[in-house]
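This is what each chain is made of:
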Amino acid sequence: MHTNILKALRSPAGLLLLLVQRHPKAHGRLPPGPCPLPLLGNLLQMDRRGLLKSFQRFQEKYGDVFTVHLGPRPVVMLCGAEAIREALVDNAEAFSGRGKIAIVDPVFQGHGVVFANGNRWKVLRRFSLTTMRDFGMGKRSVEERIQEEAQSLIEELRKSKGALVDPTFLFHSITANIICSIVFGKRFHYQDQEFLKMLNLFYHTFSLSSSMFGQLFELLSGFLKYFPGAHRQVYKNLQEINAYIGHSVEKHRETLDPSAPQDLIDSYLLQMEKEKSNPHSEFSHRNLILNTLSLFFAGTETTSTTLRYGFLLMLKYPHVAERVYKEIEQVIGPHRPPALDDRAKMPYTEAVIHEIQRFADLLPMGLPHIVTQQTSFRGYMIPKDTEVFPLLSTALRDPHYFENPDTFNPDHFLDANGALKKNEAFIPFSLGKRICLGEGIARYELFLFFTTILQNFSVASPVAPEDIDVTPQESGVGKIPPTYQIRFLPR
């Protein structure tokens, strides 16, 4: 992992570039952690298997709250359900800032709801939540949209006639279509080439960001940005998606009816017009593009990847899939489409979906936060603007809350009577003021897509269950399941 960097450091030019990164002066008493080298931070103490493995090793030595130097900058790590909750919920305001992800920062630069801070974040979050509710999120109509999309998927899967398929882009398409119907006011056909191209750019970007290079870039972006690498491809991919969004925005301008906005972009354009005389308005064209990118990316990648992991796990544990189907038969039957009201009567299915989310551990390091003011936490003093990583993986795999955290077992979420039980460490959407904006819609999608597929199909693999490998393909910013082939066999 370190060889290329060390080679670069031997050249005077490489060393000079590193030296211009001044070490930030931290006025406070940060939690303990491994001793950093000047400029390189803790690079040489990192595990070759990646950042998460490194942080888990440091947790064993330093406890649940410690400091790691990612290159020249100190970052406070929060591990386990208690520490994360204490920071993000009990000290919600102080921990509500958003840090940067180095590989995508050149595109976002603090714009859009995911990476904004201060008043910009508050304005964009309020607008996005309100508008998404207006166009279906949290109302019955979003349930109907997901049910309709699920039926379109069933028709598409029937066409495969039980042949082996790679489900990646089908799962991408169905989740993207839900957010597209809210943001762009339309859904796309599964064979739409422009749509598939956008989805491929998202998939590629998520994979590159989570790769070993993406993790190394997080440590030494100030140096590596001057050299070729995956960061340039990520920039190119996201700018291509932004160009597509920009084109869509122009079409919306031409067809906008102020008395009847059709979607989130229409609503944003009306708000821009309303605030055009306000020089401090956050409703700028740039925020529109990057807010749309944020929602499009987050609404597509996370749920589709969870579904992809989910069906890989169903192939590995066919007895679980069969038990889910039995519950579907008892509660829903073979013909009526699954509905959200069914969830209350399907504790096993709900437990399986929870366990898929827990085991998939999609954003293992969470998204970075920053403290908005100097903050006293567990006897330490964290200076304003210090980055904080809530390591969600350490909660989702916390042995105090999950008996066998590295094993897929739906019983983690069932009590002795077979009822669904709440677990404080189940925080796949994070916590606090920065909790995932689309948590509600993601929960709806996972239940309705998962049950509709299993109601209509049994699933099979050319690989024996015991030989199916569920080790992630990448594990960095995100965890990406291995690619696989699956048969959807009509029931």
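Residues numbered from 1 in each chain as written. Predicted model: local features only at pLDDT ≥ 70, side-chain atom pairs only at ≥ 80, totals over all residues. Heavy atoms only, no water.

- As annotated in an unreviewed UniProt entry, the protein chain carries the name Cytochrome P450 and is attributed to Piliocolobus tephrosceles.
- According to UniProt, the comment filed for the protein chain under the heading Cofactor (unreviewed entry) is "heme". (UniProt positions renumbered as here; feature names shortened; annotations may be inferred.)

## What about the pattern of salt bridges?
Here's step 1: In the structure shown here, the tally under the stated rule is 20 salt bridges.
Here's step 2: Residue glutamate 282 pairs with arginine 120 through a salt bridge whose shortest N-O separation is 2.9 Å. Of this pair, glutamate 282 sits in the loop between α13 (264-274) and α14 (285-316) while arginine 120 is found in helix α7 (residues 118-134), placing the two residues 162 residues apart along the sequence.
Here's step 3: Classification of glutamate 282 as buried rests on a relative accessible area of 15%.
Here's step 4: A relative accessible area of 24% places arginine 120 in the partly exposed class.
Here's step 5: Here lysine 276 ties to glutamate 273 by a salt bridge, and the two come within 2.7 Å at their closest N and O atoms.
Here's step 6: Members of the salt-bridge network, linked through shared partners, are Asp361, Arg397, Asp406 and Lys479. (Salt bridge = Lys/Arg side-chain N within 4 Å of Asp/Glu carboxyl O. Helix = DSSP H or I, 4+ residues; strand = E, 2+ residues; numbered from the N terminus. Buried < 20%, exposed > 50% of the residue type's maximum accessible area, 1.4 Å probe, protein only.)

## Quick word on α14
Here's step 1: For α14, spanning 32 residues, the distance from its first C-alpha to its last is 47 Å, which sits close to the expected 46 Å at 1.5 Å a residue.
Here's step 2: α14 sits mainly inside the fold: 28 of its 32 residues count as buried. (Expected span 1.5 Å × (residues − 1).)

## Observations concerning the pairing of strand β9 (residues 457-460)
Here's step 1: The two faces of β9 differ: Phe457 and Val459 on one face are buried, but Ser458 and Ala460 on the other face are not.
Here's step 2: Pairing of β9 with strand β12 (residues 486-490) involves four bridges; the strand directions are antiparallel. The residue bridging serine 458 from the neighbouring strand is leucine 489, located in β12. (Pairing = 2+ DSSP bridges.)

## Points about the packing of helix α10 (residues 193-210) against α14
Here's step 1: The geometry of α10 relative to α14 is characterised by a closest axis approach of 10 Å and an angle of 75° between their N-to-C directions. The orientation of α10 with respect to α14, classified from their angle, is roughly perpendicular. Contacts from Leu199, Phe202, Tyr203, Thr205 and Phe206 in α10 reach Leu293, Phe296, Phe297, Thr300, Glu301, Thr305 and Arg308 in α14.
Here's step 2: Split by residue class, the contact of α10 with α14 holds seven nonpolar, three polar and two charged. (Axes fitted to C-alpha atoms, helices over the stretch in contact; angles between N-to-C directions. Parallel < 35°, antiparallel > 145°, perpendicular 65-115°, else oblique. Contact = heavy atoms within 4.5 Å. Nonpolar A, V, L, I, M, F, W, Y, C, P; charged D, E, K, R; others polar.)

## Some remarks on empty space enclosed by the protein
Here's step 1: With the rule as written, the count across this model stands at three cavities of 30 Å³ or more.
Here's step 2: Space inside the largest cavity adds up to approximately 1000 Å³.
Here's step 3: Along the wall of the largest cavity there are 47 residues; nearest its centre are Ala298, Thr302, Leu363, Leu367 and Cys436.
Here's step 4: Among the secondary structure elements, those contributing two or more residues to the lining of the largest cavity are α6 (112-115), α7, α9 (168-183), α10, α14, α16 (347-360), α17 (392-396) and α18 (439-456).
Here's step 5: Examining the composition of the lining of the largest cavity, we find that nine residues originate from one element, α14, more than from any other.
Here's step 6: Taken together, 13 residues make up the lining of the second largest cavity; nearest its centre are Ile101, Glu218, Met365, Phe389 and Val477.
Here's step 7: Residue contributions to the lining of the second largest cavity peak at three residues, all from helix α11 (residues 212-224).
Here's step 8: Residues that form the lining of the second largest cavity fall into these classes: seven nonpolar, four polar and two charged. (1 Å grid on protein atoms, 1.4 Å probe; cavity = no way out; pocket = protein on both sides within 12 Å on 5 of 7 lines; lining within 4 Å. Points joined across faces, edges and corners; volume = space filled by probe spheres on them.)

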